[in-house]
Amino acid sequence: MSEHSDGSRPLRHPGTEHLLRYFAYDHLPAHLQAVSKPCGDLAQELVAVLPDGPELSAGLRKLLEAKDCLVRAALDTTPEN
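Residues numbered from 1 in each chain as written. Predicted model: local features only at pLDDT ≥ 70, side-chain atom pairs only at ≥ 80, totals over all residues. Heavy atoms only, no water.

Asks: Explain helix 2 (residues 30-49) to me, using residue names and the numbers behind them.
Replies: Helix length check: helix 2 (20 residues) gives 28 Å between terminal C-alpha atoms against 28 Å at 1.5 Å per residue, within 8%. Leu32, Ser36, Cys39, Gly40, Ala43 and Val47 are the residues of helix 2 that are buried. Structurally, helix 2 contributes buried residues whose contacts are with helix 1 (14-20) and helix 3 (54-74). (Helix = DSSP H or I, 4+ residues; strand = E, 2+ residues; numbered from the N terminus. Expected span 1.5 Å × (residues − 1). Buried < 20%, exposed > 50% of the residue type's maximum accessible area, 1.4 Å probe, protein only. Contact = heavy atoms within 4.5 Å.)

Asks: Give a description of the environment of Pro51 that names residues and reports values.
Replies: Take Pro51: it is sitting in the loop between helix 2 and helix 3. Once residues within four sequence positions are removed from consideration, Pro51 is found in contact with Arg12 and Leu56.

Asks: Talk me through helix 3; I want residue IDs and the actual numbers.
Replies: The terminal C-alpha atoms of helix 3, which comprises 21 residues, lie 30 Å apart, in line with the 30 Å expected from a rise of 1.5 Å per residue. Restricting attention to buried positions, one finds in helix 3 the residues Leu56, Ser57, Ala58, Leu60, Leu63, Leu64, Lys67, Val71 and Ala74. Of the surrounding secondary structure, the elements contacted by the buried residues of helix 3 are helix 1 and helix 2.

Asks: Report on the side chain of Arg12, specifying residues and quantitative values.
Replies: Tracing the backbone shows Arg12 in the segment before helix 1. Among the polar contacts listed, one links the side chain of Arg12 to the backbone oxygen of Val47, at a separation of 2.3 Å. (Polar contact = N/O pair within 3.5 Å; in protein donor to acceptor, adjacent residues only side chain to side chain.)

Asks: Go over the pattern of salt bridges, please, and point to the residues and values.
Replies: Charged atoms that come close allow side chains of opposite charge to pair. Throughout the structure, instances matching the rule amount to three salt bridges. Between Asp52 and Arg12 there is a salt bridge, and its shortest N-O distance comes to 2.9 Å. Note that Asp52 is positioned in the loop between helix 2 and helix 3 and Arg12 in the segment before helix 1, a separation of 40 residues in sequence. Given the relative accessible area of 31%, Asp52 is considered partly exposed. The buried category is assigned to Arg12, whose relative accessible area is 16%. Two residues, Asp41 and Lys37, come together in a salt bridge whose shortest N-O distance is 2.6 Å. With Asp41 and Lys37 both in helix 2 and four residues apart, this pair spans about one turn of that helix. Judged by its relative accessible area of 27%, Asp41 falls in the partly exposed class. (Salt bridge = Lys/Arg side-chain N within 4 Å of Asp/Glu carboxyl O.)

So, in structure tokens, the structure goes:
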């Protein structure tokens, strides 16, 4: 496996780590975080219990696609103040 920029070894397959980075939500406004966070949390939970492989990658890609759709839907809402 390849190394991180700090020289440490990744804990998961690079493909899994690559997909997980797209589930970050800290950069989003609060009303979008409320939609994105459950998907990110689910992705982390699934990676914690499932082995790396093509089915995990496919599942994460589909969850990412769903998350993206839901966040886009939330863009049409007014944030709660």
